[in-house]
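The primary structure of each chain is shown beneath.
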Protein chains: 2
Amino acid sequence: MAYDVAALEKLIEQFQKIPSIGRKTAQRMAFHVLDLTDEQAKEFADAIIDAHTKIHNCSLCHNLTENELCPVCASPNRDRRTVCVVEEPKDVLAMERMREFNGVYHVLHGVISPMNGIGPDQLTIKSLVERAASGVVSEIIMATNPTIEGDTTAMYISKLIKPFGVKVTRLAYGIPVGADIEYADDVTLMRALSGRSEL
Amino acid sequence: MAYDVAALEKLIEQFQKIPSIGRKTAQRMAFHVLDLTDEQAKEFADAIIDAHTKIHNCSLCHNLTENELCPVCASPNRDRRTVCVVEEPKDVLAMERMREFNGVYHVLHGVISPMNGIGPDQLTIKSLVERAASGVVSEIIMATNPTIEGDTTAMYISKLIKPFGVKVTRLAYGIPVGADIEYADDVTLMRALSGRSEL
């Protein structure tokens with residue numbers, strides 16, 4: 001392109017590296033940055049560096065935190081007997097948004113996926129087993145995604161944990177609230193049928 | 001929310017300030033930043049600061065540049081007799097992507113919009129008139145958006161410039177290539193009809 005401003009191009013490239021952000025969105029985002037005041041731009045840049053240097057994994061549940069323990073593990077109001085196992089920190093955000101769950105979490109940071117070369121050792125499964133063996137935990141809720149990998153991981157973990165006498169459960173599958181049965185896919189409908197409850 | 005990591009929240013907020021970026025996209029973007037290496041995060045932050053400090057407006061056409069003149073104005077291969085007037089720097093990017101236009105640009109940085117309190121003085125119209133009066137320019141192509149404000153601005157500028165004996169043209173309106181006439185709106189269809197050309 002004849003028109004090429006190196007600093008702008010670099011910024012667009014940075015935004016474009018974000019998954020699901022295409023060229024045009026990246027461009028729009030870069031122009032937004034140019035419209036900021038110097039101070040606002042500095043705040044933005046600092047937020048990136050800050051998040052990067054301050055945030056690390058909770059030593060207990062491996063969720064993101066700025067301190068030794070994450071806010072959930074550190075809270076005296078949470079029920080330590082129920083552990084919800086999720087794939088990623090963003091799943092914790094989704095669970096917390098619901099304001100229904102009062103237990104604690106365990107973040108796997110992935111799922112078992114031989115196709116991508118990810119085995120149990122790359123996940124935080126060992127520390128989950130240690131938590132289960134400690135005697136504090138009475139129920140582990142597997143909230144991995146309803147995919148083949150998520151299901152496999154849930155199955156694998158439940159086999160490891162059951163010997164400690166801990167109850168292992170799985171989130172219910174079914175038709176999402178507000179959706180049309182007409183448009184539900186076969187697998188979802190099958191799971192909804194087999195998981196039916198009495199009225 | 002019980003789960004609140006301040007540094008993460010701040011970063012999400014920064015992304016959310018970008019127009020058209022909602023909470024969920026901002027979250028996904030923030031998690032992308034956390035997945036970067038320290039070096040990559042620094043690169044990202046630097047790109048923001050760099051773009052901000054290095055980029056300013058071209059002294060001739062008011063397009064974005066790192067130097068005194070933008071790459072287009074500085075190029076010896078561009079035809080200085082034809083000036084394409086656009087609203088925003090991103091419109092220049094769109095024009096350049098086409099690789100068809102070999103003239104130079106003039107960026108207004110907005111349109112006349114009394115509703116938003118923007119008059120001719122807040123735009124770069126004065127310097128455009130100076131360019132038209134210099135005697136170098138033979139044609140000015142108004143490439144403002146086909147909105148009421150864009151049309152008004154084009155009309156206003158053409159009235160200012162015509163006394164200098166400069167030809168003022170406007171981009172053609174019509175049905176976009178690949179679109180269905182069936183779905184074209186009335187105004188576009190009307191413009192396409194009145195702008196019809198002989199085959």
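Residues numbered from 1 in each chain as written. Chains lettered and ligands numbered in written order. Predicted model: local features only at pLDDT ≥ 70, side-chain atom pairs only at ≥ 80, totals over all residues. Heavy atoms only, no water.

Engineer: I'd like a rundown of the layout of surface pockets, residues and numbers included.
Structural biologist: It is a probe the size of a water molecule, rolled over the atoms, that shows where empty space is left. All names here are of chain B. Volume-wise, the largest pocket comes out at about 510 Å³. Around the largest pocket sit 23 residues that line it, and T144, P146, L171, A172 and Y173 are the ones nearest its centre. For the lining of the largest pocket, the secondary structure elements donating two or more residues are α5 (89–98), α7 (148–161) and α8 (186–194). Taken together, the residues that form the lining of the largest pocket break down as 13 nonpolar, 5 polar and 5 charged. (1 Å grid on protein atoms, 1.4 Å probe; cavity = no way out; pocket = protein on both sides within 12 Å on 5 of 7 lines; lining within 4 Å. Points joined across faces, edges and corners; volume = space filled by probe spheres on them. Helix = DSSP H or I, 4+ residues; strand = E, 2+ residues; numbered from the N terminus. Nonpolar A, V, L, I, M, F, W, Y, C, P; charged D, E, K, R; others polar.)

Engineer: Give me α5(B): which residues, what numbers.
Structural biologist: What α5(B) keeps buried is the set B:P89, B:D91, B:V92, B:L93, B:M95 and B:E96. Along its buried surface, α5(B) packs onto α2 (23–35) of chain A together with β2 (64–65), α4 (71–74), β3 (79–86) and β4 (103–107) of chain B. Positive phi shows up at B:R99, right after α5(B), with a value of about 55°. (Buried < 20%, exposed > 50% of the residue type's maximum accessible area, 1.4 Å probe, protein only. Contact = heavy atoms within 4.5 Å.)

Engineer: Explain the domain arrangement of chain A to me, using residue names and the numbers behind them.
Structural biologist: Partitioning chain A into domains gives domain 1 (6–54) and domain 2 (75–198). Placing the centre of domain 1 of chain A and that of domain 2 of chain A at their C-alpha centroids yields a distance of 35 Å. (Domains from an automatic or database assignment.)

Engineer: Describe the packing of helix α3 (residues 38–54) of chain A against helix α3 (residues 38–54) of chain B, naming the residues involved and giving the relevant values.
Structural biologist: Their axes nearest at 9 Å, the elements α3(A) and α3(B) cross at an angle of 180°. Here α3(B) runs roughly antiparallel to α3(A), going by the angle between their axes. Along the contact surface, α3(A) presents A:D38, A:A41, A:K42, A:F44, A:A45, A:I48, A:I49 and A:H52, while α3(B) presents B:D38, B:A41, B:K42, B:F44, B:A45, B:I48, B:I49 and B:H52. Along the lines of polarity and charge, the residues of the contact of α3(A) with α3(B) split into 10 nonpolar, 2 polar and 4 charged. (Axes fitted to C-alpha atoms, helices over the stretch in contact; angles between N-to-C directions. Parallel < 35°, antiparallel > 145°, perpendicular 65-115°, else oblique.)

Engineer: Give me the lowdown on empty space enclosed by the protein, citing residues and values where you can.
Structural biologist: All told, the structure shown has 1 cavity of 30 Å³ or more when counted by the stated rule. In this model, the largest cavity occupies a volume close to 30 Å³. Along the walls of the largest cavity sit A:H32, A:L36, A:Q40, A:F44, B:Q14 and B:K17, which together make up its complete lining. Counted by class, the lining of the largest cavity contains 2 nonpolar, 3 polar and 1 charged residues.

Engineer: Hey, could you go over the relation of the copies chain A and chain B for me, with residue numbers and the actual values?
Structural biologist: For the pair chain A and chain B, the relating rotation is 180°, the translation along its axis is 0.0 Å, and the fit reaches an RMSD of 0.0 Å. In symmetry terms, the pair is related by a two-fold rotation axis. Among all residues of chain A, the minimum C-alpha distance to the rotation axis is found for A:A45, at 2.2 Å. (Least-squares fit on C-alpha atoms with pLDDT ≥ 70 in both.)

Engineer: Lay out α7(B) in plain terms, naming residues and giving numbers.
Structural biologist: Residue and element names in this part refer to chain B. Compared with the 20 Å implied by 1.5 Å per residue over 14 residues, the 20 Å span of α7 between its first and last C-alpha is a close match. Residues G150, D151, T153, A154, I157, S158 and I161 constitute the buried set of α7. Down the axis of α7, the sector holding all buried residues measures 165°, keeping them to one side. Exposed and oriented more than 90 degrees from the buried face of α7 are I148, M155 and K159. Buried residues along α7 sit against α6 (125–133), β5 (139–142), β6 (167–170) and α8. (Expected span 1.5 Å × (residues − 1). Arc of directions from axis to C-beta.)

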